[in-house]
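Spelled out, the chains give:
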Amino acid sequence: MSVITTKTKGVFVIAVTPFQHDGTIDPGSIDSMVDFYFEKGADGLTILGMMGEAPKLTLEESLAVTRLTLRRASAKPVIVGVSAPGLAALGELSGKVMDMGAAGIMVAPPSSLRTDEQIINYYRSVIDTVGTETPVVLQDFPLSTGVQISTKTLGVIFDAHPNIVMLKHEDWPGLQKISDIRRAEAQGQRPVSILCGNAGVFLPEEMQRGADGAMTGFAYPEMMVDVVRLMNEGRVEEAHDIFDAYLPLIRYEQQPGLGLAVRKYLLAKRGAISSAAQRRPEIMLGESAINEIERLVSRQNRKLTFPA
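Summarised in this report is the structure supplied together with it. (Residues numbered from 1 in each chain as written. Predicted model: local features only at pLDDT ≥ 70, side-chain atom pairs only at ≥ 80, totals over all residues. Heavy atoms only, no water.)

In this chain, Trp172 is followed by Pro173 through a cis amide linkage whose omega measures 0°. Checked against the element boundaries, Pro173 lands in the loop between β6 (164-169) and α7 (175-186). With an omega of -5°, the peptide bond running from Arg280 to Pro281 counts as cis. Take Pro281: it is sitting in the loop between α11 (259-269) and α12 (287-305). Positive phi, close to 55°, is recorded for Ser74, a residue that is not glycine. For Ser74, a relative accessible area of 53% translates into the label exposed. A positive phi angle, near 55°, is found at Asn198, a position not held by glycine. (Helix = DSSP H or I, 4+ residues; strand = E, 2+ residues; numbered from the N terminus. Buried < 20%, exposed > 50% of the residue type's maximum accessible area, 1.4 Å probe, protein only.)

What follows deals with the packing of aromatic side chains. Tallying each qualifying case throughout the model produces six aromatic pairs. Seen in terms of ring centroids, Phe218 and Tyr220 are 5.6 Å apart; in terms of plane orientation they differ by 40°. Their pairing is tilted. Accessibility assignment for this pair places Phe218 and Tyr220 in one class, buried. Cluster of aromatic residues (ring-pair linked, three or more members): Phe218, Tyr220 and Tyr246. (Phe/Tyr/Trp six-rings, centres within 6.5 Å; stacked < 30°, edge-to-face > 60°.)

See below:
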């Protein structure tokens, strides 16, 4: 199994965790989901993220999902989210998934952090816990964590810890942060890979600012794959045309609270998973929402079949 580095690029899909209707993990759907993502062109996967319902899983279940995913992914890289309130739990999960063959781990800051010093000290403690040989993704998602990490503070952390090899960028607004990080790297700051989240809402602009790809979980990963490829080839207008065709569904899936239900509904509709079930507590789609999704899918298919 390959590991992530500062040179890692492409699309790493944030995977959902498939459940059966009774709330148990669905191994068959893990297999079909992994196949689906890679058939659509993903370069890697990230599991047990915020949209993977990780807080609803026991340690044993988290390890089972990791084991099943790694087995199906074969040599493809899989990053595992290990964020936890305490470092003991984080360290235990990290060690076990890396022993299984994970490509790296992803760590978001706990919501209790407020000052630059606290943030810097936290990631120092993370590296002390997981070791300097474990590739780490720093997840910068202030809309969810409430933790604001400045570009300067990120630079301090990156320079201090060479095994923090990737930034999962999902600050909002955050395009300037990408530009500032790349400018700092040109002036001597240690470079890192930057993969972006936020359901791909700003993916073309993020690529133009210097991002290396996407790490998010939109139900149509082929959109992200095509946009990243076209942007890297300098075919900017074509990339935007593809993006524009999917934008209404991207917008709909981005709804706070409801987004996971939308994503799982679409993945089930597309045959990637057998059920759209979430583990409780969950937010369910009503009839009106399902009708809206179906209308958006129909309009998207027409745009892709008959481009303007």
